[in-house]
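Summary of the model geometry
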Amino acid sequence: MTTQDNTSGTPSGVRPREASPGAVGGDLNAYVIARLTYPAQPQEDLAEYMERLLSTMTPFGGHILSHGKEVQTLEGVWHGYAVLLGFPDVTSAHGWYNSAEYQEIIQMRRRHVDGELIVVEGNPPGYDATGAAAAMRRAVLAGAPATAKS
């Protein structure tokens, strides 16, 4: 059974505004995911960074979706904690990250906390991975070279 988005009954990939899964009433379709280490001890400038963070995101439609919550590892080893930010689109997420306002405070975090940040585009409501599986099967049948897990 396949699930289709609710735009027109077809898997178009277009997200209607009224079907948004945005956690705070916004249309969020891009996510910044951060894996960060814990600071060695509380830091005043890190507290200031956290106080100022949201105001740097608001002009880009950004929301803090998860921060300071327990990480529950399902596979592998996770070091540190996670932060999840939501934006209307990837362009807005990059706009926020590269903005003068965020760049002004980023060193407050970097001085005390290491980690990685990625941005990923979300799927439309009702997305189903069977289309990607079918494309993979076609590639296998066409003799596409195998890729090794590194």
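The structure this text deals with has already been given above.
The following refers to the structure shown. Quick caveat, the model's predicted, so the values are computed rather than measured.

Parameters at a glance
- Residues numbered from 1 in each chain as written.
- Predicted model: local features only at pLDDT ≥ 70, side-chain atom pairs only at ≥ 80, totals over all residues.
- Heavy atoms only, no water.
- Helix = DSSP H or I, 4+ residues; strand = E, 2+ residues; numbered from the N terminus.
- Buried < 20%, exposed > 50% of the residue type's maximum accessible area, 1.4 Å probe, protein only.
- Contact = heavy atoms within 4.5 Å.
- Axes fitted to C-alpha atoms, helices over the stretch in contact; angles between N-to-C directions.
- Parallel < 35°, antiparallel > 145°, perpendicular 65-115°, else oblique.
- Nonpolar A, V, L, I, M, F, W, Y, C, P; charged D, E, K, R; others polar.
- Pairing = 2+ DSSP bridges.
- Phe/Tyr/Trp six-rings, centres within 6.5 Å; stacked < 30°, edge-to-face > 60°.
- Core = buried A, V, L, I, M, F, W, Y, C linked by side-chain atoms within 4.5 Å.
- Salt bridge = Lys/Arg side-chain N within 4 Å of Asp/Glu carboxyl O.

Next up on the list: the overall build of the protein chain. The helix and strand inventory of the protein chain stands at four helices and four strands. The linear arrangement of helices and strands in the protein chain, starting from the amino end, is β-α-β-β-α-α-β-α. Put simply, the protein chain has 150 residues, and 27% of those count as buried. In the protein chain, 71% of the contacts between residues at least 6 apart in sequence involve partners at least 24 apart.

Looking now at the packing of helix α2 (residues 90-98) against helix α3 (residues 100-110). Following both chains from N to C, one finds α2 and α3 inclined at 65°, their axes separated by 6 Å at the closest point. Put simply, α2 runs roughly perpendicular to α3. Between α2 and α3, the contacting residues are W96, Y97 and N98 on the first element and A100, Y102, Q103, I106 and R110 on the second. Counted by class, the contact of α2 with α3 contains five nonpolar, two polar and one charged residues.

A separate point is the sheet that holds strand β1 (residues 30-36). Within a sheet, each strand pairs with its neighbour through backbone hydrogen bonds, oriented either parallel or antiparallel. As summarised here, the arrangement of the four strands in space is β2-β3-β1-β4, forming an open sheet in which the pairing is antiparallel. Two strands bound the open sheet, and with one partner strand each, they are β2 (63-66) and β4 (115-121). In this sheet, adjacent strand axes meet at a mean angle of 25° when their direction is disregarded. Of the pairings in the sheet, the one linking β1 to strand β3 (residues 81-87) comprises seven bridges and is antiparallel in character. Note on β3: the bridge partner recorded for V32 is L85.

Another point: the packing of aromatic side chains. With the rule as written, the count across this model stands at six aromatic pairs. Considering the side-chain rings of Y97 and Y102, the 5.6 Å spacing of their centres and the 45° angle between planes classify their relative orientation as tilted. Residue Y102 is classed as buried on the basis of its relative accessible area, which comes to 0%. Through a chain of ring-to-ring contacts, the aromatic side chains of Y49, F87, W96, Y97 and Y102 assemble into a single cluster.

The next thing to look at is the pairing of β1. Within β1, six of the seven residues are buried, leaving the element largely enclosed by the surrounding structure. Strand direction decides the pairing type here: β1 and β4, joined by seven bridges, are antiparallel. Directly across from Y31, in β4, lies its bridge partner V120.

The subject of this paragraph is the nonpolar core. Grouped together as the largest cluster of nonpolar side chains are 19 residues, with contacts concentrated most on Y49, L85, F87, W96 and Y102. When residues of this core are traced back to their parent elements, those giving at least two are β1, α1 (44-57), β3, α2 and α3.

The subject of this paragraph is the pattern of salt bridges. Oppositely charged side chains can form a pair if their charged atoms are brought close together. One pass over the structure, following the stated rule, counts four salt bridges. The residue E116 makes a salt bridge to R35 at a minimum N-O spacing of 2.7 Å. Of this pair, E116 sits in strand β4 while R35 sits in strand β1, placing them 81 residues apart in sequence. E104 is the partner of R52 in a salt bridge, and the nearest nitrogen-oxygen pair spans 2.5 Å. With R52 in helix α1 and E104 in helix α3, the pair connects residues that are 52 residues apart, well separated along the chain. Take R52: its relative accessible area is 25%, and that puts it in the partly exposed class. For E104, a relative accessible area of 55% puts it in the exposed group. Among the charged side chains, a salt-bridge network with shared partners connects E48, R52 and E104.

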